[in-house]
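Structural overview
Next come the chains, spelled out residue by residue.
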Amino acid sequence: MNMVALIEKKKHGDALDNAEIEYIVRGAADGTIPDYQLAAFLMAVCFTGMSDEETAQFTACMAHSGETVDLSAVNGTKADKHSTGGIGDKTTLIACPLVAAADCGVRVAKLSGRGLGFTGGTIDKLESIPGLRTDLDADTFIGIVNRVGVCVAGQTKSLVPADKRLYALRDVTATVDSAPLIAASVMSKKLAGGSDVIVLDVKYGSGAFMKTAEEAESLALRMADIGKRLGKRVSALITDMHVPLGRAVGNALEVQEACAVLSGRAGGPLAELSAALATEMLFAAGADSRTVCADRISSALRSGRGLEKLAEMVEAQGGDPAYIRNPVRFPQSQVRRTLYAPSDGWVAATDALAVGRAACALGAGRSSKDAPIDHAAGILLERVRGEYVRSGGALATLFADSIERLDEAEALLADAFRLQDKKPQPTKTIYKTIC
Ligand code: URA
């Protein structure tokens, strides 16, 4: 096969057949196709797109480009969730233990990644718990899923190697924001993860890849189509990411907030979305009607069984569960600063993108793949959308390891808050559910 001819074909918007797609994905995984030809192919896809059939074939080839996870030794239906990424998104730490605690025979065997950019990924958040390990071998991973009902491990290097190469190229060739490329990238990792059911949280807003609800819905439909073509049950929630999810942004701070939700001490959009995702995981797994699934999740939350399940999972992964049962144990950075309101007003917006940039400047995110992360750094929003603040009242507290970082982040964060005289209309966290 000739890669130049395949790039030419895609450049003109013609569909590639299965053998051609397989050739490109294999060449991406084993290095036989050079970067410049892959980059040209990616740009051609950006301009001319891919049909649903091509996207599904591309995804299937990517999913099988490396090792896949065999979950056949796990008892019960396996449900996974995936968020397209947002600021302060710690729903995995809440929804996954709730699913296990609901005791409906649905288990969660989840592989997650580290964050690159504004905040950490789920693995970074979990690693703020002393002792906790995410580099688990397959037997340990499956053993914990069977015993506890939930386990969150790191993706191995050999999982979907074609995506690793293509994603790195997309990052440096302005080809990230293509719906078929995003859909194939996300879904290939979910397929390789081996679960029966996949619940997607597709976000829109300033802190998300997709800026509008319509774009997010179209991406969600594409991912659901891929899943169904490849034999998986897929549901998607289209959710708001104009503002951060919850009040905490930063790894250890987010774990503490997840514990607060699981112990009934925090509500709002974070609790609402986490419960909705957990409900959808049970429902898509066929546990019962949506109403009964919602009741099971609500009972797991109210009874504290969800929090206990997270503590059990942390202990099984080598972490100290005392931090989950008593989150004040997490060390807090003493280098901190409060951002004060310049006037009285209602908070109309806390721009997610600006909060994410400020958190990254504090050390809570990574500027490059291997950069270190400060688990204690981050932001606590003292006021969020829809709340009132008096002039001189606290808007946010910033945590870092140096005054320089606080200075940089404070300047970025000051622009994130928009205050107004009138109470803003309430907004929906969940715009739509697709199943
Ligand atoms: N997340 C992924 O895993 N891949 C993308 O392309 C975008 C977000």
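No experiment lies behind these values; they were computed from the predicted model shown.

1. Quick word on the pairing of strand β8 (residues 345-350)
With five of its six residues buried, β8 lies for the most part within the structure. Pairing analysis gives two bridges linking β8 to strand β10 (residues 388-389), with the strands arranged antiparallel. When the sheet's bridge partners are listed, Gly-345 is paired in β10 with Val-389. As defined by bridge partners, β8 adjoins strand β12 (residues 417-420) across four bridges and the pair is classed as antiparallel. Residue Ala-349 lies in a different strand from β12, and its bridge partner there is Arg-418.

2. Side note on the layout of surface pockets
Of the volumes computed, that of the second largest pocket is approximately 480 Å³. Lining of the second largest pocket is provided by 26 residues; of these, Val-243, Gly-268, Pro-269, Val-384 and Arg-385 occupy positions nearest its centre. Partitioning the lining of the second largest pocket into residue classes produces eleven nonpolar, eight polar and seven charged.

3. Topic: the nonpolar core
Among the nonpolar cores identified, the biggest contains 115 residues, and Phe-41, Phe-58, Phe-141 and Leu-413 are the most heavily contacted of them. Apart from residues lying up to four places away in sequence, Phe-141 is in contact with Val-69, Leu-71, Ala-109, Lys-110, Leu-111, Leu-136, Cys-151 and Ala-153. Residues Val-186, Ala-220, Ala-224 and Ala-236 belong to the second largest nonpolar core, which totals 20 residues.

4. Quick word on the environment of His-82
Considering the arrangement of structural elements, one finds His-82 in strand β1 (residues 77-83). Of the residues examined, His-82 reaches a relative accessible area of 18% and is grouped as buried. Through-space distance from the C-alpha of His-82 to that of Lys-189 is 9.9 Å; in sequence the pair is 107 residues apart. Excluding its chain neighbours within four sequence positions, the residues that come into contact with His-82 are Val-186, Lys-190, Val-199, Leu-200 and Asp-201.

5. What about the sheet that holds strand β5 (residues 233-240)?
The sheet built from six strands is open, its strands ordered β3-β2-β1-β4-β5-β13 with mixed pairing. The sheet is open, and its two edges are formed by β3 (150-154) and β13 (430-434), each paired on a single side. Between one strand and the next, the sheet's axes are offset by a mean angle of 20°, whatever the strand orientation. Two elements, β1 and strand β2 (residues 106-112), share two bridges in a ladder whose sense is parallel. Each bridged residue has a counterpart across the sheet, and for Thr-77 the counterpart in β2 is Val-106.

Scoring rules and cut-offs
- Residues numbered from 1 in each chain as written.
- Predicted model: local features only at pLDDT ≥ 70, side-chain atom pairs only at ≥ 80, totals over all residues.
- Heavy atoms only, no water.
- Buried < 20%, exposed > 50% of the residue type's maximum accessible area, 1.4 Å probe, protein only.
- Helix = DSSP H or I, 4+ residues; strand = E, 2+ residues; numbered from the N terminus.
- Pairing = 2+ DSSP bridges.
- 1 Å grid on protein atoms, 1.4 Å probe; cavity = no way out; pocket = protein on both sides within 12 Å on 5 of 7 lines; lining within 4 Å.
- Points joined across faces, edges and corners; volume = space filled by probe spheres on them.
- Nonpolar A, V, L, I, M, F, W, Y, C, P; charged D, E, K, R; others polar.
- Core = buried A, V, L, I, M, F, W, Y, C linked by side-chain atoms within 4.5 Å.
- Contact = heavy atoms within 4.5 Å.
- Axes fitted to C-alpha atoms, helices over the stretch in contact; angles between N-to-C directions.

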